[in-house]
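What follows is the residue order along each chain.
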Amino acid sequence: MSLVLAALCLVLLHTGAQGFAILPGDALNHLEITERAILNVTVQVCRDLAKAEGADFFLPAEPFTAESVAVACGAPKSSKDFRQAITFIILRNVRVDLRHALNASFHFDEEMFVEGRSIITAGIEAIKASNEQENYEAARQQLGEIFHPLQDFYSHSNWVELGNKFPNSNLLRSDTSIGNIADESRATCRSCDGDDCRNNILEDIIEEQILTSGYFGVVPLSSTKPAGKCSHGGGVDQTSTIDPKGGINKDTFGSNHGHLHTAAANMAIAASSELLEEIRAAAGDRPFLQMVGLSKGSSKDLCFIIDTTKSMSDDIEAVRNVVSSIIDSEVGTENEPAAFVLVPFNDPEFGPFIKTTNPKVLKSILSSLSTTGGGDQEELSLSGLQLALRGAPSNSEIFLFTDAPAKDKQLRSSVIALIERTHSVVNFMISDSVLTNRRRRSDGRQQQHSRIAEADAELYIELAQASGGLSVEVTNSELPAAVSILTDTLNSSLVTLLQAARSPGKEDVFSFIVDETIINLTVYITGRSVTFTVTNPTGESQASTDTTGSLITSSRSAGNFQALRLQKLVGLWEIRMVSTNPYTVKVLGQSPIDFLFEFVEELQGPFEGFDGLDARPRTGVNGSLLVSLSGSDTATVTEVALVESSGSEEVTGVVEPQGSGNFLVHVDRMPSVEFGVRVKGEDKSFTSGASKVFQRQSRIKFRSSNLTITADSNNILVPGAPFSVPFSVMAHGRGGNFTIRATNNQRYASTFPTSLFLESGKSAMGNVTISAPRKTPSGTDVTLTIEAEAPGGEDTNYVVLRFTVINPVTDFIQPECQLLRLQSNCSESCSLTTWTVFVRVTDGADGTGVDHVRLVNGNGTLNTNPAAGNENITMVLYTSSCCSPDMELLVADREGNVGTCFYTFRESSSAPMSGSNKVTQSPLLCLSIVVLGLSILTEMGVQ
């Protein structure tokens, strides 16, 4: 059975599917349809991988969850990344309803079938290209956006009413017929009989299998539809009051055709799964799992940004050694990074961005680094950091090594924006530096220098705190010890219980809750001349000066940095900090339970829902967050608060459960200062009588803004052609001349206004035009950041957009298989005999070339060999025991066109040998199994 057959069997045998709204309700919505499809196909991929590798696979209990699927796939520590990827895809799906509500093409309304399919097929092309370049975040973005129209097809068209029992596979291909689409002048509906719309589609439309969809409009009088055409229906749709009245949508049980909601929703899940199988076939199983956030190692990159100016000549060897030690400590472990990144910088240069999955390659490049340039005391450290943040995926771990202040301080706001958007953690390792040396001097003349150095150091401290990282000041000899302590923070199951900073320093008390899942409870403190006292839940205390207490089981320090391992005890802890110098304190532990969140904007009116924010939330007004729990199927959120980073004030929100571990949180105001997000909850599985409560805090710090900046554009950028991105900026406070900056990670040429004049409460428009070189490879990821800064730099906001470069496709034909030889010596003793197949796979004279050939069914040995001098031909030899008489190949070209080839040896009296070398598109293989699956559902009583 092919991959697609198996997946659709699994999908369609899942009962209980019920709609296509945005917000939760009795019916299934886009969120649930999308999540079910991803979970179902991921289970199938992991099961097939386990079978291929000879490993056991245990199907998780239903209903599937991100946590149970991650465990079944042997990647339990990836459950948070898996949940985050699903949430991101879902939010992009929902965004289509909010940003393209009245564009019929995105919803298959108004019989715009060709236009709707073009959106889907262009998106598939972009996803395949992005996966090929390992740009998985770009692939997820595109996937969410094409899921929406694909799912809407089954609710908004009459596909289900025509009696179809399987998805329309032709929606995934641009070179086939979608179906018999109704002519513009052909009537398709009659008015509903009161509230009964069951038979409003005309009989001849059903009999002749004519495809139609409803018209939709929200503005009275201007909402028109051609005579005799169906309407979408519902209270918002003004066309439904025009003859023929009523509608045909199946979005919910209460819709005009709500009696078919379950059938449409099941079909949408199956179609979404079919789309995922198409992407899987082109990418391969492991890359597909990486796209959805699952990997046995870490899905994060480990980045090193290294100062290579001459002033580092005494330190560069120590840096090489500690970077190598970090790499060695992670390779081969469950925390091994997805890739390693190196970005050198000096003055006047920075870069290049070097990325590799091979640690030996990175070490080789590292050993070749030489110190050069400089001349003054400041270097381009923020330029190097900005380049890393733009090139590495979200949630990456970054170490920046330098001995000098930043020369490019003007990039501060841009770097903070990227930290907020990518949720990456940055640790600054400042060794034997101008900064630290100045701060240790005490003569009168150098006291003036000290004040300058203090400001320089504060920039690194601010950036570290914004990311949830640390700014560590050490001597050359202390650097290895400091890095050794920090490598403990690279564990993928690390969670934050508390994080705070005080600058200037002052005495303060901080509390945090330890639950029974926490292990390796550790306190990290930065600052000089800091004393503290920790108190456990029983009231027992230990001071930093007490070396005999039992609460602190171990202590390590280097420079201004120390780490304390605490004895584990469930309940409420306190730590009292005392210092007049600036300090930071954070408490980390390892636990499967953590949370994710996104700031969202709630939309009211005819299209209710929420949209993920691409910019900072607005200061001082109400706001919303979507919080998702990971690591437990029995946990729930009881409290969410926005906590000031450098103060004690907090804003507590109202929590509304959304299902599937998601919670919508409303706060009455966004703080005007830097803040973090703290979540408290309960887990029914906790056995401790002391507490069933857990507490987690975000590592990343956030800011709000009195500026609103929005931008939107097509996600696909064609090389060689100008690409326009319109944007708008509004000042809710004082107006004036606002500075505009637009930068992109590929450093492509761009034009934009460098300033906009804004009146308070009014918006101004601008446009960024960007152009990629003509030979830019398809799948290249372009990240554009547009910033607006108020006069005097008192406020900033930004929007970050992601685009995929796609060269126009001319190859739409899948590779073909030609059987050259099929032979055997099979006998009754099948285990002692073999059969072989020799096949030529070709992509045609005008094809882009055979990319890969994989065995998807069969227990034999497959050998492939590209033909010498012809990339369009691959020779395939398959040998198998006669006990396994069937085999199936999956063949794909470099454009992602995919097909399958099936061959069999079956001994019989009339035909001892048989074979089929016909390439069949994978989706069409599903017909019999889908019909069978649906017939089983019917027998089970599911309509």
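Definitions and cut-offs
Per chain, the residues get numbers from 1 upward, laid out in the order the sequence is written. With pLDDT at 70 or above as the cut-off, local features in this predicted model cover only qualifying residues; side-chain atom pairs require 80 or more to be listed or tallied, and sums for whole chains, interfaces and linings still use all residues. Only hydrogens and water are set aside; all other atoms, that is, all heavy atoms of the structure, feed into the side-chain values. Helix numbering and strand numbering both begin at the N terminus, where a helix is a DSSP run of H or I of at least 4 residues and a strand a DSSP run of E of at least 2. With a 1.4 Å probe rolled over the protein chains alone, any residue whose accessible area is under 20% of its type maximum counts as buried; one over 50% counts as exposed, and the rest are partly exposed. Each accessible area value is a Shrake-Rupley result obtained with a 1.4 Å probe; residue values ignore everything except the protein chains displayed when judging cover. Contacts are assigned to residue pairs with any non-hydrogen atoms lying within 4.5 Å of each other. The predictor rates its confidence in each residue with pLDDT, a number between 0 and 100. The angle between two axes is taken between their N-to-C directions and runs from 0 to 180 degrees, where each axis is a line fitted to C-alpha atoms and a helix contributes only its stretch in contact. Oblique is the label for any angle not under 35 degrees, not over 145, and not in the 65 to 115 range, which are roughly parallel, roughly antiparallel and roughly perpendicular in turn. Note: crossing handedness is left-handed where the near helix turns anticlockwise from the far helix by less than a right angle, and right-handed where it turns clockwise. For two strands to be treated as a pair, DSSP must find at least two bridges joining them.

A. Geometry of the overall build of the chain. Across its full length, the chain holds 17 helices and 43 strands. Scored against the burial criterion, the 943 residues of the chain give a buried share of 58%. Of the accessible surface of the chain, which amounts to about 36400 Å², a share of 50% is contributed by carbon and sulfur atoms.

B. Summary view of the side chain of glutamate 789. Relative to the helices and strands, glutamate 789 is located in strand 34 (residues 781–789). Not counting residues within four places of it along the chain, the set of residues in contact with glutamate 789 comprises Ser413, Phe738, Thr739, Arg741, Asp795 and Thr796.

C. How the structure looks around the confidence of the model for the chain. Here the chain shows a mean pLDDT of 85. Residues at 70 or above account for 88%. The lowest-confidence element of the chain is helix 17 (residues 927–939), averaging 33 in pLDDT; the highest-confidence one is strand 2 (residues 210–211), averaging 98. In this model, residues 1–19 is a region of pLDDT below 50 whose contacts with residues beyond four sequence positions or in other chains number 72 contacts. Low pLDDT, under 50, characterises residues 908–943; the predicted model gives this stretch 76 contacts beyond four residues in sequence or across chains.

D. Quick look at the packing of helix 4 (residues 79–99) against helix 6 (residues 136–156). Two elements in contact, helix 4 and helix 6, have axes separated by 7 Å at closest approach and are oriented at 45°. With respect to their mutual orientation, helix 4 and helix 6 come out oblique. When you trace helix 4 past helix 6, the crossing you get is right-handed. Between helix 4 and helix 6, the residues in contact are Ala85, Phe88, Ile89, Arg92, Asn93, Val96 and Asp97 and Glu137, Arg140, Gln141, Leu143, Gly144, Glu145, Phe147, His148 and Gln151, respectively.

E. Structural detail: the pairing of strand 40 (residues 873–881). Bridge analysis of strand 37 (residues 834–842) against strand 40 gives nine bridges, and the strand direction is antiparallel. Paired with valine 841 across the bridge in strand 40 is threonine 874. In this structure, strand 39 (residues 861–866) lies alongside strand 40, joined through six bridges in antiparallel fashion. When the sheet's bridge partners are listed, leucine 862 is paired in strand 40 with tyrosine 878.

F. Examining unusual backbone geometry more closely. Look at the link from aspartate 347 to proline 348: it is a cis peptide, with omega at 25°. When you line up the elements, proline 348 lands in the loop between strand 4 (339–345) and strand 5 (354–356). Put simply, serine 503 and proline 504 share a cis peptide bond, and its omega is 5°. Not every positive phi belongs to a glycine, and glutamate 110 is a case in point at roughly 55°. Here glutamate 110 shows up in the loop between helix 4 and helix 5 (113–132). Residue glutamate 110 is classed as partly exposed on the basis of its relative accessible area of 25%. Even without being glycine, glutamate 111 reaches a positive phi, approximately 60°. With respect to the helices and strands, glutamate 111 occurs in the loop between helix 4 and helix 5. Under the relative-accessibility criterion, glutamate 111 is labelled buried at 12%.

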